[in-house]
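Examination of the molecular architecture
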Amino acid sequence: MASASQNTKSSLVHVFLVAFSGQGNVNPLLRLAKRLASKGMLVTFCAPERVGKEMKAVDENSITDQPTPYGDGMIRFEFFEDGSADDSDQSKIFDFDLRMEMLEQAGRRNLPKLLKNQEDEGRPVSCVINNPFIPWVSEIAESLGIPNVLLWVQSCASFSIYYHYHFNLVPFPSESEPEKDIILPRMPVLKYDELPTYLHPSSPVQSLKRAMLAQFHNLSKPFCILMDSFQELEDEVVVHMSKFCPIRTIGPLLFNEPEIASPTDIHVSGDCMKIEEDCIEWLDSKPPSSVVYISFGSIAVPEQKQVDEIALGLLNSEVSFLWVMKPPPEYSAFQPVVLPDGFLEKVGGKGKIVKWCPQEQVLSHPSVAFFLTHCGWNSSMEAISTGVPIVAFPQWGDQVTNAKYLIDVFKMGIRLSRGALANRTVTSEEIENCLREATSKESKVAEMKENACKWKKIAKQAMAKSGSSDKNMQAFVDELKKLHAKKQKENSQ
Ligand code: UDP
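Note that the structure is predicted; figures quoted are calculated from it, not measured.

Parameters at a glance
Counting of residues starts from 1 at the beginning of each chain's written sequence and follows it residue by residue. Predicted model: local features are reported for residues with pLDDT of at least 70 only, side-chain atom pairs are reported and counted for 80 or more only, and whole-chain, interface and lining totals are derived from all residues. In computing side-chain properties, one takes all heavy atoms of the structure into account and sets aside hydrogens as well as water. Here a strand pair is declared whenever DSSP counts at least two bridges between the two strands. Only DSSP runs of H or I covering at least 4 residues are called helices, and only runs of E covering at least 2 are called strands; the numbering of each starts at the N terminus. For helices, the fitted line uses only the C-alpha atoms of the stretch in contact; every axis is such a line through C-alpha atoms, and the angle between N-to-C directions lies from 0 to 180 degrees. Two residues qualify as a contact provided that any one of their heavy atoms is within 4.5 Å of a heavy atom in the partner residue. Here a salt bridge means any side-chain nitrogen of Lys or Arg lying within 4 Å of a carboxyl oxygen belonging to Asp or Glu. pLDDT is a residue-level measure of predictor confidence that goes from 0 to 100. What makes a residue near a molecule or strand is one non-hydrogen atom of that residue sitting within 4 Å of it. Whenever a nitrogen or oxygen atom comes within 3.5 Å of another N or O atom, the pair is scored as a polar contact, on the condition that within protein one atom can donate a hydrogen and the other can accept it, and that pairs from neighbouring residues in sequence are kept only if both atoms are in side chains. Every accessible area reported is derived by Shrake-Rupley at a probe size of 1.4 Å, with residue values counting cover from the shown protein chains alone. As a working rule, the residues Ala, Val, Leu, Ile, Met, Phe, Trp, Tyr, Cys and Pro are called nonpolar, Asp, Glu, Lys and Arg charged, and the rest polar, with Gly in that last group. Stacked, edge-to-face and tilted labels apply to pairs of Phe, Tyr and Trp rings (six-membered ring for Trp) whose centres lie within 6.5 Å, assigned for plane angles under 30 degrees, over 60, and everything in between, in that order. Each residue is placed in one exposure class: buried if its accessible area under a 1.4 Å probe, protein chains only, is under 20% of its type's maximum, exposed if it is over 50%, and partly exposed if it falls in between. Only Lys NZ and Arg CZ are tested; either one counts as a charge over a ring when it is within 6 Å of the ring centre and within 35 degrees of the ring normal.

Judged by pairing direction, the sheet is mixed, and its 8 strands sit side by side in the order 3-4-2-1-5-6-7-8 without closing on themselves. Two strands in the sheet have a free side with no partner beyond their single neighbour: strand 3 (68-70) and strand 8 (247-249). When the angles between neighbouring strand axes are averaged without regard to direction, this sheet yields 30°. Where strand 7 (residues 224-227) lies against strand 8, 3 bridges are found, and the strand directions are parallel. Note on strand 8: the bridge partner recorded for M227 is T249.

As for its placement among the helices and strands, E437 is situated in helix 15 (residues 428-438). Excluding its chain neighbours within four sequence positions, the residues that come into contact with E437 are I414, E442, K444 and V445.

The subject of this paragraph is the sheet that holds strand 9 (residues 291-295). On the basis of which strands lie adjacent, the open sheet formed by 6 strands has the order 11-10-9-12-13-14 and parallel pairing. Looking at the sheet topology across the chains shown, the edges are occupied by strand 11 (351-354) and strand 14 (413-415). The average undirected angle you get between the axes of adjacent strands in this sheet is 20°. Sheet analysis places strand 9 next to strand 12 (residues 368-373), joined by 5 bridges and oriented parallel. Bridge pairing in strand 12 links V291 to V368. On the sheet, helix 14 (residues 399-409) packs against strand 13 (390-392) and strand 14 and is oriented at approximately 125° with respect to strand 14.

Moving on: the pattern of salt bridges. In the structure shown here, the tally under the stated rule is 20 salt bridges. A salt bridge links E104 to R108; the shortest N-O distance between them is 3.0 Å. In this pair, E104 and R108 both sit in helix 3 (residues 96-120), 4 residues apart, roughly one turn of the helix. Here the salt bridges share partners, and the residues they tie into one network are D193, E194, K404, D408, R415 and R418.

To continue, consider the confidence of the model for the chain. Low pLDDT marks stretches whose predicted atomic positions should not be read closely. For the chain, per-residue confidence averages 92 on the pLDDT scale, and residues scoring 70 or more make up 95% of the total. Counting contacts from residues 1-7, a segment whose pLDDT is below 50, to residues more than four positions away or on other chains yields 11 contacts.

This brings us to the site of the ligand. The full set close to the ligand counts 20 residues, and N27, S298, C357, S379 and E382 are the nearest of them. Within the contact set of the ligand, a nitrogen atom lies 2.6 Å away from a backbone nitrogen or oxygen of C357. E382 is positioned with one of its side-chain polar atoms (N or O) 2.5 Å from an oxygen atom of the ligand. Across the complex, the protein chains shield 93% of the 530 Å² of accessible surface that the ligand would expose by itself. Looking at the shell around the ligand, its residues break down into 6 nonpolar, 11 polar and 3 charged.

What follows deals with the packing of aromatic side chains. For the coordinates displayed, the defined rule picks out 22 aromatic pairs. Ring geometry for W152 against Y162: centres 6.1 Å apart, planes inclined by 75°, an arrangement best described as edge-to-face. Taken together, the residues W152 in strand 6 (residues 148-152) and Y162 in helix 5 (residues 156-166) connect sequence positions 10 residues apart. What makes W152 buried here is its relative accessible area of 0%. Judged by its relative accessible area of 0%, Y162 falls in the buried class. Between the aromatic rings of Y163 and F167, the centroid separation amounts to 4.8 Å while the plane-to-plane angle is 55°, which identifies the pairing as tilted. For F167, a relative accessible area of 38% translates into the label partly exposed. Through successive ring pairs, a cluster of aromatic residues spans W152, F159, Y162, Y163, F167, F216 and F244. One Lys or Arg, K454, reaches over the ring of W455 and ends 4.5 Å from the middle of that ring.

Shown next, in the form of structure tokens:
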């Protein structure tokens with residue numbers, strides 16, 4: 001492996017990645033950062049300073065602005081002032097619109113300076129990559145003459161839905177027809193509650209819809225759209241949408257991470273919460289395929305009455321479980337929840353509760369049989385990459401669409417909830433029955449496990465040398481090198 005330190009800073013292609021906050025945005029962007037670094041690029045991972053504080057609190061040593069060798073390239077971190085220091089007025093905290101506006105204002109003020117500094121420090125930026133929700137980053141890149149790329153962090157199916165909605169290409173549920181089916185090219189017919197919830201007229205959360213659609217307004221700016229998905233998983237919709245947008249599937253990005261880095265490279269997970277490592281020891285003590293892993297991702301916290309029902313359902317089903325119960329994110333409207341009195345005593349050694357766990361490691365553990373998931377796209381891709389079937393407990397946004405795909409298209413899951421539009425608490429009986437079914441020896445369950453393993457194998461092939469995602473990634477890297485060479489030529493003239 002050619003040592004990155006043999007290269008001078010300016011001879012490396014410098015790619016500058018900007019992440020929106022939230023683990024679901026940080027993880028895929030950081031995984032992309034590592035892949036690009038491993039292929040010989042200098043990569044700066046940049047995010048709002050609130051994210052930086054959380055990442056540094058977990059992993060102070062790796063999160064540094066100094067370029068650190070990674071694979072054939074280097075990785076470094078920078079965080080931009082995001083307006084969160086002005087948070088003295090607590091009433092602003094739950095106002096998502098206001099927070100987005102403050103972030104945009106601060107980003108538009110500070111990011112251009114950061115990007116110009118790179119040039120002054122001898123590492124001009126060849127490409128800016130951002131994820132959705134911060135579409136103004138594309139405008140900043142354009143204004144500075146830096147090529148821009150979008151890393152889409154949801155499925156291609158969700159991309160297609162937003163695209164058709166934004167450009168008004170097919171009818172969607174409306175005030176007068178709220179339960180209308182959605183018919184989109186190369187996709188199964190979606191029921192109204194399988195549509196990303198923000199697009200439904202009854203959704204109370206309009207700000208997230210606006211933020212997401214703003215990216216579609218700016219869709220002509222990125223010269224390509226990278227997706228953390230793989231061609232074989234979403235073949236028809238990828239082929240179809242590629243007629244309109246320069247889509248490149250490059251996932252699952254988490255695959256084979258140990259193979260892309262040298263043993264001496266920094267290990268940086270990007271976790272925004274401290275991991276409780278002892279859950280792996282606990283899993284070690286359990287028989288193979290005996291544990292249900294439960295997580296609702298990094299943001300959602302089910303309401304207290306739902307937590308009570310889950311707890312009772314778990315007790316009655318008698319399954320072993322590892323349950324991630326994180327505290328509500330600091331700046332969210334979610335309320336803290338508690339376990340019912342005496343629950344832990346009754347569960348004894350059968351269950352373990354943690355605040356945060358190393359999810360990839362947990363899903364790869366042989367003791368894990370099923371994943372009761374909120375169906376965030378990262379969690380969905382992680383289940384697919386590790387071949388773990390799911391119990392779908394979607395909440396909102398694209399999670400309901402992902403649940404539909406995991407169950408009806410990828411055929412690797414059972415449904416437990418239909419998400420926010422159903423507006424009901426899933427009962428302990430439903431949970432008990434579903435968990436009993438998931439851990440039974442029924443042929444339907446065996447088939448789901450087989451399908452999950454099949455997807456794992458195909459995902460691995462996609463990421464292996466000359467696989468579909470590997471080829472797309474290599475083509476992208478080659479394009480970045482050309483951009484860099486062009487810039488160097490212009491500078492020398
Ligand atoms: N995650 C984790 N440990 C946990 C819970 C979640 O590392 O205890 C990670 C998980 O692996 C995934 C991310 O947090 O990469 C959550 O992203 P996802 O898109 O699934 O959901 P979101 O948090 O965006 O709702």
